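Now for the letters of each chain:
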Amino acid sequence: MSGDDVDIPEVDYVSGSGIPIRGNDIDTDQIIPARFMKVVTFDGLGEFAFFDVRFDDDDTPKEHPMNEERFQGSSVMVVNSNFGCGSSREHAPQALMRWGIDALIGESFAEIFAGNCLALGIPTVTADSETVQEIQEWVDENPDGEIDIDVAAETVTYGGQTIDVTVDDAQRKALVEGVWDTTALMKSNAGEVAKLAEELPYVEGSSIPEAE
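Residues numbered from 1 in each chain as written. Predicted model: local features only at pLDDT ≥ 70, side-chain atom pairs only at ≥ 80, totals over all residues. Heavy atoms only, no water.

1. Remarks on the overall build of the protein chain
Piece 1. For the protein chain, the count of helices and strands is 8 helices and 7 strands.
Piece 2. Scored against the burial criterion, the 212 residues of the protein chain give a buried share of 43%.
Piece 3. Pairs at least 24 residues apart make up 67% of the contacts formed inside the protein chain by residues separated by at least 6 positions. (Helix = DSSP H or I, 4+ residues; strand = E, 2+ residues; numbered from the N terminus. Buried < 20%, exposed > 50% of the residue type's maximum accessible area, 1.4 Å probe, protein only. Contact = heavy atoms within 4.5 Å.)

This is the structure in structure tokens:
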């Protein structure tokens, strides 16, 4: 792939219906249990998102928003405080993305989880507790209602009202400018990376990949 072929989309606006996931300190082990991480690729992880809180030991569905028909097709997850805490497993946002989530609104997010979301182009925007609870209640009453997230302007619009939210400065810049995919950025600058590697005395020539 040449530099001209690399296209990292700008993520300045996300729109979709919502799904409320209530509870503080929901960790990555809840989001994707460890036994489902023994995969070669992330493909198929979506069906295992929140598996242990969605199903009992014989795979009978429990009461959970992700099991409800009205929330199928939702793309904006509305959560509470310290979402994504625990281990740093990147499988957690991968599972949510593959379930269909394009953005998250919450009171707060674990830093590493938010960083892993950013690497997938998934905004994690924050608001105060009261505001988040109001959005969750609105989503419950309007499962087909549209939620519009303006990453650049740091606003969320739903139910005919627009509210201010917070997007981390570095995250907002990366998403809006289309520089959130670091792997793609390295590929697009493969020639410069190889040139710099050649100048480093501790990098052996045989270990420097050729730029395509």
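This is not the end of the story, as more comes after the structure.
2. Examining the packing of aromatic side chains
Piece 1. In the structure shown here, the tally under the stated rule is 9 aromatic pairs.
Piece 2. Between Phe-36 and Phe-48 the ring centres are 4.2 Å apart and the planes differ by 10°, which places this aromatic pair in the stacked class. Here Phe-36, found in the loop between helix H1 (28-31) and helix H2 (51-54), pairs with Phe-48, found in the loop between H1 and H2; they are 12 residues apart in sequence, far enough to count as distant.
Piece 3. Assessed through its relative accessible area of 13%, Phe-36 is described here as buried.
Piece 4. For Phe-48, a relative accessible area of 22% puts it in the partly exposed group.
Piece 5. An angle of 65° between the planes, with centres 5.1 Å apart, marks the rings of Trp-138 and Tyr-158 as edge-to-face. Here Tyr-158 lies in strand S6 (residues 155-158) and Trp-138 lies in helix H5 (residues 129-141), a separation of 20 residues in the sequence. (Phe/Tyr/Trp six-rings, centres within 6.5 Å; stacked < 30°, edge-to-face > 60°.)

3. Observations concerning the confidence of the model for the protein chain
Piece 1. Put simply, the protein chain has an average pLDDT of 87, and 82% of its residues get 70 or more.
Piece 2. A low-confidence stretch, residues 184-190 stays under pLDDT 50, and its non-local contacts, those more than four residues away or across chains, total 10 contacts. (pLDDT = per-residue confidence, 0-100.)

4. Some points on H5
Piece 1. With 13 residues, H5 extends 19 Å from end C-alpha to end C-alpha; this agrees with the ideal 18 Å at 1.5 Å per step.
Piece 2. Taken as a whole, H5 has its buried residues at Thr-131, Val-132, Ile-135, Gln-136, Trp-138 and Val-139. Buried residues of H5 fall within an arc of 165° about the axis and therefore sit on the same side. Pointing more than 90 degrees away from the buried face of H5 are the exposed residues Glu-130 and Glu-141. (Expected span 1.5 Å × (residues − 1). Arc of directions from axis to C-beta.)

5. Section: the sheet that holds strand S4 (residues 124-126)
Piece 1. With respect to topology, 7 strands assemble into an open sheet ordered S4-S3-S2-S1-S5-S6-S7, the strand pairing being mixed. For this open sheet the edge positions go to S4 and strand S7 (161-164), each flanked by a neighbour on one side alone. Geometrically, the sheet is characterised by an average inter-axis angle of 30° between neighbouring strands, direction not taken into account.
Piece 2. When S6 meets S7, the two strands line up antiparallel, connected through 4 bridges. In the sheet register, Val-156 faces S7, and the bridge partner there is Ile-163. (Pairing = 2+ DSSP bridges. Axes fitted to C-alpha atoms, helices over the stretch in contact; angles between N-to-C directions.)

6. Digging into the pattern of salt bridges
Piece 1. Taken as a whole and assessed by the stated rule, the structure comprises 9 salt bridges.
Piece 2. As a salt-bridge pair, Asp-52 and Arg-35 come within 2.6 Å of each other at their nearest N and O atoms. Linking Asp-52 in helix H2 with Arg-35 in the loop between H1 and H2, this pair joins segments that are 17 residues apart in sequence.
Piece 3. Here Asp-52 falls in the partly exposed class, since its relative accessible area comes to 38%.
Piece 4. When its relative accessible area of 45% is taken as the criterion, Arg-35 is described as partly exposed.
Piece 5. In this structure, Asp-43 and Arg-98 form a salt bridge, with 3.7 Å as the shortest nitrogen-oxygen distance. Remark: Arg-98 occurs in helix H3 (residues 91-99) and Asp-43 occurs in the loop between H1 and H2; sequence separation between them is 55 residues.
Piece 6. With a relative accessible area of 56%, Asp-43 lands in the exposed category.
Piece 7. With a relative accessible area of 33%, Arg-98 lands in the partly exposed category.
Piece 8. One salt-bridge network, in which partners are shared between bridges, spans Arg-22, Glu-68, Arg-70 and Asp-140. (Salt bridge = Lys/Arg side-chain N within 4 Å of Asp/Glu carboxyl O.)

7. Some thoughts on the side chain of His-64
Piece 1. Along the chain, His-64 turns up in the loop between H2 and strand S2 (76-78).
Piece 2. Owing to a relative accessible area of 10%, His-64 belongs among the buried residues under this scheme.
Piece 3. In terms of polar contacts, His-64 uses its side chain to reach the backbone amide nitrogen of Met-66, at 3.0 Å.
Piece 4. With residues up to four places along the chain from it excluded, the contact list for His-64 reads Ile-21, Phe-50, Val-53 and Arg-54. (Polar contact = N/O pair within 3.5 Å; in protein donor to acceptor, adjacent residues only side chain to side chain.)

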